[in-house]
Amino acid sequence: MIEKMSFVTLAGPKSEIDSLVSHYLSRHDIHLENALTEFSSSDQFTTFTEENPFQEIFRKSRELLSLVKNPDSAKKSKLGIHAAEKFIQKIDEQLDENRNKISELNEKKEALYTDYEILAPFKTLNYTLKRIQEMKFFQYRFGRIPVSSFDKFETYLNPDINAIFISTLEESEHVYGVFFAPTQYFEEVEKDFQNIHFDKIEIPKKYKDFPNKECLRLSEKINELDEQIHSLEQEMSGIIEQNKDRLVSAIQNIETAYNNFDVRKLSAVTRDSGVTFQVLCGWMTTKEASKLQRETDDDVNVVCIVSADVDDHKTKPPTKLKNFRLIRPFEMFVKMYGLPNYNEFDPTLFLTITYAFIFGIMFGDLGQGLCLVIGGAILYKLKHLDIAGIVCAAGVFSCIFGALFGSIFGFEFDSVIHPLHSMIELPFLGNINIVLVAAFLFGSFVILSTMVLNIYNAIKQKNLGKALFGPNAVTGFIFYASVIGVIVLYMTGRPLPGTILLTVMFGIPLILIFLETPLKNILDKKKPLDESVGIFAATAFFEVFDYLITYLSNALSFLRIGVFAISHAAMMQVVMTLAGAENGGTPNILVVIVGNIIVLAMEGLVVGIQVLRLEYYEIFGRFYEGNGREFIPYRKKYKN
């Protein structure tokens, strides 16, 4: 169900806004709206323009909170806003020196990492860097060559070049190394290497030893810096842990003050008056609004006005669902499609019944249903997952229909009906599976039910035209019910009353559906037709034809319920055959277990998706719009 809403207006002196927020808004669920949109005269009100004074201290408090381990375990203490600001500044200053040291150490570490990455590809070089740098008659270049170019170098260039190339590392894309050339040939050699895309790498002059030893020293220095950084971080953690209780309380106070101040952005401020007033508006449940009004009666600084007429305001009421605990998990499916608007029927209970019922028919097995019930219940209890609650409810109906179908983990027992073997003789159709007939009748009943819900929604929304005329209105209900009645009469051997019903009730509703647009316009006191009669007639004819096709396709869509019930029974029969249980044989238990697991996992998922498809496309589309907006209380919004 959808909770009844009231529009609440809170007004008071601008200086008392913090008191209003902390004493009332933070303790009651109110969905705040922009107050200026509610007032027609902008000459009397203006927006709040001051910047949030807690912005900087709020930023610092968030940084400190990220350093606190398990903040929820901190003991709360009373702390004024000014005391909270001073305490956070104090802790921040204590940590600031360590932060600066850590920043400097990280910069040094980054520089060492950069040098290490330069030297690492040349670790295997058996010459000290000092000897290479001090050569008199030779020059050198460190670098890398693409693998594709290096192959060409070895084949064509290397035999004739006046240089020596020493390879130190071969990777998938590059070959690292150093080449040496006599000083008189160096420029020529360098050009040759440039032609094979040699990428020069500069080795810092400060490194003199073997590249491998230099890399080891760099690793040791990096580790030393890591230890220093870790020590400083431990020191910071000690300061945080020592002051944890008071710090968390201070941070919460700052966050509350910051969020409370930001409420002003939604307020309207009076212009040019002796005392500046601020006005806040929003939606509350009627019960909560009455409670708030009683609390503010004795407060001289707050005026609270509660309006129960939701149509008298410029903003539409948000939707707050309130359902029984057992069906609450199914709200997830409703929200996936779209929340109902305030003047719409909440389909959660209807979806719960139809989803679980249809799933049970399509997946009827007492044993597998029991597995779904137990598994869903455990997950819902431990993890509070809505989908687990849905699986548990669906499993209950699987058990019920499993008992009716006489199936427990694929083993059959005496039952009321069997999906594979129960047949019925019908005129015109001959021998047909009774499960398919039941699925068709059930689908027809569901479609008629959705039409009733659509009529109810239209009446609730005070839309008489929508309630009376259309494929899902009174005319559509009479037409579809008459068609189903005719089919049932003919199938049960009563052609005469069926023909009478067909003659009397078939044409009139169709004509009214055909005239849906002009009839609605007449009720709304508008011009009957906005276009020519010919264009209207052609358009209406094809719309009626489309409605008839839709009626038929919707009814046939529900046949999949029976098809899946038969399919499930057939799959379990295959499992039992593979297990050797046919003709009373002793089954292979391992095959039975594995087969049941496969069917439970695979078909259970497919059936769950197919039932949801039926709900969204064949059921919801007839009566449900789902264009509502969620009720988000101020305190929940800022807590998140």
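Cut-offs and rules
- As a convention, each chain's residues are numbered from 1 in the sequence order in which they are written.
- Totals for whole chains, interfaces and linings use every residue, but because this is a predicted model, local features are given only for residues with pLDDT of at least 70 and side-chain atom pairs only at 80 or more, for both listing and counting.
- Side-chain numbers come from the whole structure's heavy atoms, not from hydrogens or water.
- Each helix is a run of DSSP H or I of at least 4 residues and each strand a run of E of at least 2, with the numbering of both proceeding from the N terminus.
- Relative accessible area decides the class of each residue, using a 1.4 Å probe on protein chains only: under 20% of the type maximum gives buried, over 50% gives exposed, and in between gives partly exposed.
- Any two residues whose heavy atoms approach within 4.5 Å are treated as being in contact.
- Using a 1.4 Å probe, accessible areas were evaluated by the Shrake-Rupley method; residue-level cover was limited to the displayed protein chains.
- Among buried residues, those of type Ala, Val, Leu, Ile, Met, Phe, Trp, Tyr and Cys that are joined through side-chain atoms within 4.5 Å constitute a nonpolar core.
- Ring pairs shown here join Phe, Tyr and Trp side chains whose ring centres sit within 6.5 Å, with only the six-membered ring taken for Trp; geometry is labelled stacked below 30 degrees between planes, edge-to-face above 60, and tilted in between.
- In this scheme, Lys NZ or Arg CZ marks a charge over a ring once it lies within 6 Å of the ring centre and within 35 degrees of the ring normal.

Our next topic: the overall build of the chain. Within the chain, the regular secondary structure consists of 23 helices and 14 strands. Among the 640 residues that make up the chain, the fraction classed as buried is 44%. Considering only intrachain contacts with a sequence separation of at least 6, the fraction spanning at least 24 residues in the chain is 78%. Roughly 35100 Å² of accessible area belongs to the chain as shown, and the carbon and sulfur atoms make up 59% of that amount.

Our next topic: the environment of Glu 255. Here Glu 255 is to be found in helix α8 (residues 244–262). Glu 255 sits 194 residues away from Ser 61 along the chain, and the two C-alpha atoms are 7.9 Å apart. Setting aside chain neighbours within four positions, we find Glu 255 in contact with Phe 58, Arg 62 and Leu 65.

The residue Asn 70 is not glycine, and still its phi comes out positive at about 50 degrees. Within the element layout of this structure, Asn 70 appears in the loop between α2 (55–65) and α3 (81–119). Even without being glycine, Lys 462 reaches a positive phi, approximately 60 degrees. Along the polypeptide, Lys 462 turns up in the loop between α14 (434–460) and α15 (464–468).

Turning to the nonpolar core, a few remarks are in order. The tendency in soluble globular proteins is for nonpolar side chains to be buried as a group. One finds Leu 64, Ile 88, Ile 91, Phe 142 and Leu 247 to be the most contacted residues of the largest nonpolar core, which totals 47 residues. Every element with two or more residues in this core is listed here: α2, α3, α4 (129–133), β4 (138–146), β6 (174–182), α7 (211–242) and α8. Look past the residues within four positions of Leu 247 in its chain and what remains in contact with it is Leu 64, Val 68, Phe 87, Ile 88, Ile 91 and Ile 240. With 46 residues, the next largest nonpolar core counts Leu 372, Ile 513, Ala 565 and Ile 619 among its residues.

With that settled, the discussion passes to the packing of aromatic side chains. Taken as a whole, this structure holds 30 aromatic pairs when the rule is applied. Their ring planes at 90 degrees and their centres at 5.1 Å tell us that Phe 357 and Phe 401 sit as a pair that is edge-to-face. Placement of Phe 357 in helix α11 (residues 348–362) and of Phe 401 in helix α13 (residues 386–405) is noted, with a sequence separation of 44 residues between them. Each member of the aromatic cluster is reached from another via a ring pair, and the members are Tyr 337, Phe 345, Phe 350, Tyr 456, Tyr 616, Phe 620, Phe 623 and Tyr 624. Above the ring of Phe 87, the side-chain terminus of Arg 246 is found at 5.0 Å from the ring centroid.

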